[in-house]
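This is what each chain is made of:
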Amino acid sequence: MSRNRTLRAATVVAAACLLAVTAAPAASATAPRHGGGTLILVGGGLKDVRIYQEIVAKAGGQGRARIGVLTAASVPPSQDPDAADPATCSNSACNGAYYADLFKQYGAADAQWVPIDIEHVAAADSDAVVAQVNAMTGFFFGGGDQYRYVISLLHGAAHTDSKVLAAIRAKLAAGAVVAGSSAGAQIAAGPDMVTGGDSYQALRDGSAPGWFDDASKLGYLPEGGFGFFGAGLIDTHSGTNGREGRALRLAADTGQDRVFALDEDTAVEVEHAGTRQETLRVLGTHGVAVLDLRRARARTGTTGWSVDHVRYSYLTDGDRYDPRTWQARPADGKSPLRPAGTAPVPANTDVFYSVDNPDGVPYSFSGTARALVATTAQRSATATTYESAPGFRVTLTRTGDTRAWTTDGRTAASLTQLDMAVAPLAP
């Protein structure tokens with residue numbers, strides 16, 4: 001999903017289609033929820049050529065990779081007023097063709113659109129489409145609204161796999177690559193997959209199960225998405241949409257103890273997905289925030305919701321993370337950062353980059369964190385929400401476990417183990 005909320009109106013039609021899908025019988029028993037292949041999950045806005053090339057490499061390499069492209073998160077052509085114009089169209093068919101062409105440019109022997117969307121859910125149980133999927137060595141799920149993937153590839157309230165999804169799950173278990181960007185990454189989540197929401201409203205009002213027309217309301221599906229990724233919650237477009245707050249509130253509300261919040265044009269690559277050998281690597285332009293809630297304490301008082309003792313880490317290109325030990329390892333070429341600056345952390349009055357602030361700055365949250373670990377001027381830094389009545393204050397504090405790494409000797413590229421607290425401001 002993007003910062004622009006216009007796609008939500010089109011999804012109202014998709015939500016209505018769920019009633020028909022709910023009545024469909026399960027085509028087959030759901031396959032094991034995890035596999036031994038590779039996941040490449042991108043926070044949206046995918047431009048980095050290295051990520052495309054990595055998908056091709058994991059799918060068999062130049063001249064051998066065969067990639068199936070799924071774009072059911074997009075509206076179908078009938079809902080796209082520009083469907084007839086290849087230069088401006090944005091629908092399942094033309095987006096599928098766009099990605100297929102890109103993967104061919106980056107060396108895939110073949111790339112094909114898998115013709116499923118919310119108006120063609122029967123194709124998800126077509127033996128012909130299953131045969132197409134079985135001929136592929138990798139898969140890419142495009143962006144849009146992840147709820148449309150639920151509608152088109154899962155069987156309603158039963159939440160069981162369609163034949164096509166079962167085939168993709170089996171391919172992942174056998175070693176294939178499954179990649180996705182934005183909604184295509186979000187749908188890989190397990191239980192409590194986010195369906196929408198903005199950070200301020202999430203902190204103020206909390207979460208609720210379901211999908212909502214109001215794009216600012218924090219919603220989630222308790223049943224989750226496809227369950228390819230089990231190491232924690234996933235959120236996307238984090239820095240550009242200020243979603244750290246909503247990710248934190250959703251995890252606290254649902255009892256999840258870890259969140260991976262992906263920035264745009266940045267991927268978390270999960271090798272040996274779902275096995276005891278599973279490892280994570282960050283690849284791309286920006287970073288991945290890891291929120292650790294194992295010791296977090298959340299409460300709701302007379303002035304509002306608060307949480308403390310969350311640990312915040314921010315990993316960037318080449319860094320690795322072991323989900324079993326909860327430990328990060330910096331990329332080769334990054335050296336420990338010893339704070340040397342004396343300037344205070346710049347004031348931040350829009351920590352979650354509010355959609356209502358025309359002068360907001362993206363990557364606001366991670367910017368404050370990186371400034372804190374690079375200065376000797378202070379041990380803690382505070383930042384506030386753009387919205388007020390009530391407003392919220394975020395406090396980041398260096399601990400004895402805090403570490404930071406640099407590539408230039410002055411600024412922080414990556415950091416781990418800042419203590420994080422959120423509390424309402426006094427009226």
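Above this text is the structure in question.
Residues numbered from 1 in each chain as written. Predicted model: local features only at pLDDT ≥ 70, side-chain atom pairs only at ≥ 80, totals over all residues. Heavy atoms only, no water.

### Here we look at the overall build of the protein
For the protein, the helix and strand inventory stands at eleven helices and 24 strands. Against the 2.2 N^0.38 benchmark of 22 Å for 427 residues, the protein shows a C-alpha radius of gyration of 21 Å, consistent with a compact globule. Overall, the C-alpha framework of the protein stretches about 65 × 45 × 40 Å when taken along its three principal axes. Looking at the protein residue by residue over its 427 residues, the buried ones come to 58%. Intrachain contacts of the protein at a sequence separation of at least 6 include 74% that bridge at least 24 residues. Summed over all atoms, the accessible surface of the protein reaches about 16400 Å², with 53% contributed by carbon and sulfur. (Helix = DSSP H or I, 4+ residues; strand = E, 2+ residues; numbered from the N terminus. Rg over C-alpha atoms; globule rule 2.2 N^0.38 Å. Buried < 20%, exposed > 50% of the residue type's maximum accessible area, 1.4 Å probe, protein only. Contact = heavy atoms within 4.5 Å. Areas by Shrake-Rupley, 256 points an atom, 1.4 Å probe, with all protein chains shown as cover.)

### A few points about the environment of R379
Inspection of the secondary structure puts R379 in the loop between α11 (364-374) and β21 (380-384). Overall, the relative accessible area of 53% leaves R379 in the exposed class. A sequence separation of 182 residues divides R379 from G197, and the C-alpha atoms of the two residues are 32 Å apart.

### Brief notes about the packing of aromatic side chains
Evaluation of the coordinates by the stated rule reveals 15 aromatic pairs. Measuring from centroid to centroid gives 4.7 Å for Y99 and F140, while their planes differ by 50 degrees, and the two rings are tilted. Residue Y99 is located in helix α3 (residues 92-105), and its partner F140 is located in strand β4 (residues 138-141); the two are separated by 41 residues in the primary sequence. Across this residue pair, the class does not change: Y99 and F140 are buried. Among the aromatic residues, ring-to-ring pairing joins Y52, Y98, Y99, F103, Y106 and F140 into one connected group. In this arrangement the basic side chain of K217 is found over the ring face of F212, its NZ or CZ atom lying 5.1 Å from the centre. (Phe/Tyr/Trp six-rings, centres within 6.5 Å; stacked < 30°, edge-to-face > 60°. Lys NZ or Arg CZ within 6 Å of the ring centre and 35° of its normal.)

### Here we look at the pairing of strand β12 (residues 258-262)
Within β12, five of the five residues are buried, leaving the element largely enclosed by the surrounding structure. Side chains R258, F260 and L262 project from β12 onto one buried face, and the interleaved V259 and A261 project onto a second face that is buried too. Examined bridge by bridge, strand β11 (residues 233-235) and β12 share three bridges and lie parallel to one another. Pairing of I234 across the sheet is with F260, part of β12. Note that β12 and strand β15 (residues 287-292) share five bridges and pair antiparallel. (Pairing = 2+ DSSP bridges.)

### A word on the side chain of H159
With respect to the element layout, H159 can be found in the loop between β5 (154-155) and β6 (160-161). Among the residues examined, H159 registers a relative accessible area of 12% and is labelled buried. Here G225 takes part through its backbone oxygen, which lies 3.4 Å from a polar atom of the side chain of H159. (Polar contact = N/O pair within 3.5 Å; in protein donor to acceptor, adjacent residues only side chain to side chain.)

### Overview of unusual backbone geometry
Going from A389 to P390, the amide bond is cis rather than trans, its omega being 0 degrees. Mapping P390 onto the fold places it in the loop between β21 and β22 (392-397). With phi around 60 degrees, S182 is a residue other than glycine that occupies positive phi space. The phi torsion at D265 lies on the positive side, around 55 degrees, for a residue other than glycine. With respect to the helices and strands, D265 occurs in the loop between β12 and β13 (266-271). What makes D265 buried here is its relative accessible area of 10%.

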